[in-house]
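# Working through the structure, step by step
Here are the chains, one letter per residue:
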Amino acid sequence: MAPGLLWFCNWSTLLVCAALKLPQISALLAARSARGLSLPSLLLELAGFLVFLRYQCYYEYPLLTYLEYPILIIQDVILLLCVFHFKGTVYRAAPYLALFVTSWFVITLQKWIIDLAMNFCTLISAASKFAQLQSLWKTQDSGAVSALTWSLASYTCATRIVTTLMTTSDLTIFIRFVVMLVLNLWVTATVLRYRNTVLKAE
């Protein structure tokens, strides 16, 4: 039972993550606007993904427990470029991308740096969710925000809680996924709430 569950959780997470940001990218392109999407949220999420991936690589955890992160990072970079494009400031993406690439190498110079970065990773990722919530609360319009993307993100957090318990038992990673699950569900509920509000108003 346990090997089958682990196999299912790992592979279903990879499949979901292969398409995780596609509904969001599609909604953004269809709306031709970044309305309702928080740029700070996206930047913080990308930073959290990079730190998390680097931590997993540094400690040589099993590849299947984090293989979705390169996929998510690529999708986030595409989403980031789309947001900058629709805001008319594509050139402003360059400093952020340079900072992310530099950080990739700096955080593994010393073990204490990567450990500290991973401890802050949960706070960074939580801040990204709160930035998105704040944007939704402020505009009271889910606009181009995809509820499907946030629902799928909730699913992947739930499966990663299982895989973490079954493989590495790393408490820092476990806590991160529990916090992210709760916050992803909260964002999903908020997106649906404001989508229903807009539909009723029409």
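Before any of the text, the structure's been laid out above.
Model, not experiment: these values are computed from the prediction. (Residues numbered from 1 in each chain as written. Predicted model: local features only at pLDDT ≥ 70, side-chain atom pairs only at ≥ 80, totals over all residues. Heavy atoms only, no water.)

Ranked by size, the top nonpolar core spans 54 residues in total, and within it Leu28 and Tyr69 carry the most contacts. If you list the elements that add at least two residues to this core, you get helix H1 (2-18), helix H2 (22-31), helix H3 (39-58), helix H4 (68-86), helix H5 (93-106), helix H6 (111-139), helix H7 (147-166) and helix H8 (171-201). Element by element, the count of residues in this core is highest for H3, at 11 residues. Here Leu28 is in contact with Ser33, Ala34, Leu37, Leu79, Cys82, Val83, Phe86 and Ala144, once residues within four sequence places are set aside. (Core = buried A, V, L, I, M, F, W, Y, C linked by side-chain atoms within 4.5 Å. Buried < 20%, exposed > 50% of the residue type's maximum accessible area, 1.4 Å probe, protein only. Helix = DSSP H or I, 4+ residues; strand = E, 2+ residues; numbered from the N terminus. Contact = heavy atoms within 4.5 Å.)

All right, on to H3 then. Here H3 contains 20 residues, and its C-alpha end-to-end distance of 29 Å stays within 8% of the 28 Å for a straight helix at 1.5 Å per residue. The buried fraction of H3 amounts to 16 of the 20 residues, a majority that puts the element mostly inside the structure. Backbone geometry just after H3 places Glu60 at a positive phi near 55°. (Expected span 1.5 Å × (residues − 1).)

All told, the structure shown has 10 aromatic pairs when counted by the stated rule. Between Phe52 and Tyr69, the aromatic rings sit 4.7 Å apart at their centres with planes inclined by 45°, giving tilted as the arrangement. One end of the pair, Phe52, is in helix H3; the other, Tyr69, is in helix H4, with 17 residues separating them in the sequence. Looking at Phe52, the relative accessible area reads 0%, which means it is buried. Classification of Tyr69 as buried rests on a relative accessible area of 4%. By the ring-pair criterion, three or more aromatic residues cluster together here, those being Phe49, Phe52, Tyr69 and Phe177. (Phe/Tyr/Trp six-rings, centres within 6.5 Å; stacked < 30°, edge-to-face > 60°.)

Attention now moves to the pattern of salt bridges. Applying the stated criterion across every chain yields a total of 5 salt bridges. When the shortest N-O distance is used, the salt bridge between Asp76 and Lys21 registers 3.4 Å. Here Asp76 is found in helix H4, whereas its partner Lys21 is found in the loop between H1 and H2, with 55 residues between them in sequence. Relative accessible area serves as the criterion here: at 0%, Asp76 is assigned to the buried category. You can call Lys21 buried: its relative accessible area is 6%. Here Asp115 makes a salt bridge to Lys111, at a shortest N to O gap of 2.7 Å. Of the two residues, Asp115 and Lys111 both sit in helix H6, 4 residues apart, roughly one turn of that helix. Since its relative accessible area comes to 45%, Lys111 is described here as partly exposed. Put simply, Lys21, Glu45, Asp76 and Lys129 are held in one network by salt bridges that share partners. (Salt bridge = Lys/Arg side-chain N within 4 Å of Asp/Glu carboxyl O.)

Take it as geometry only, folks, not as evidence of what the structure does.
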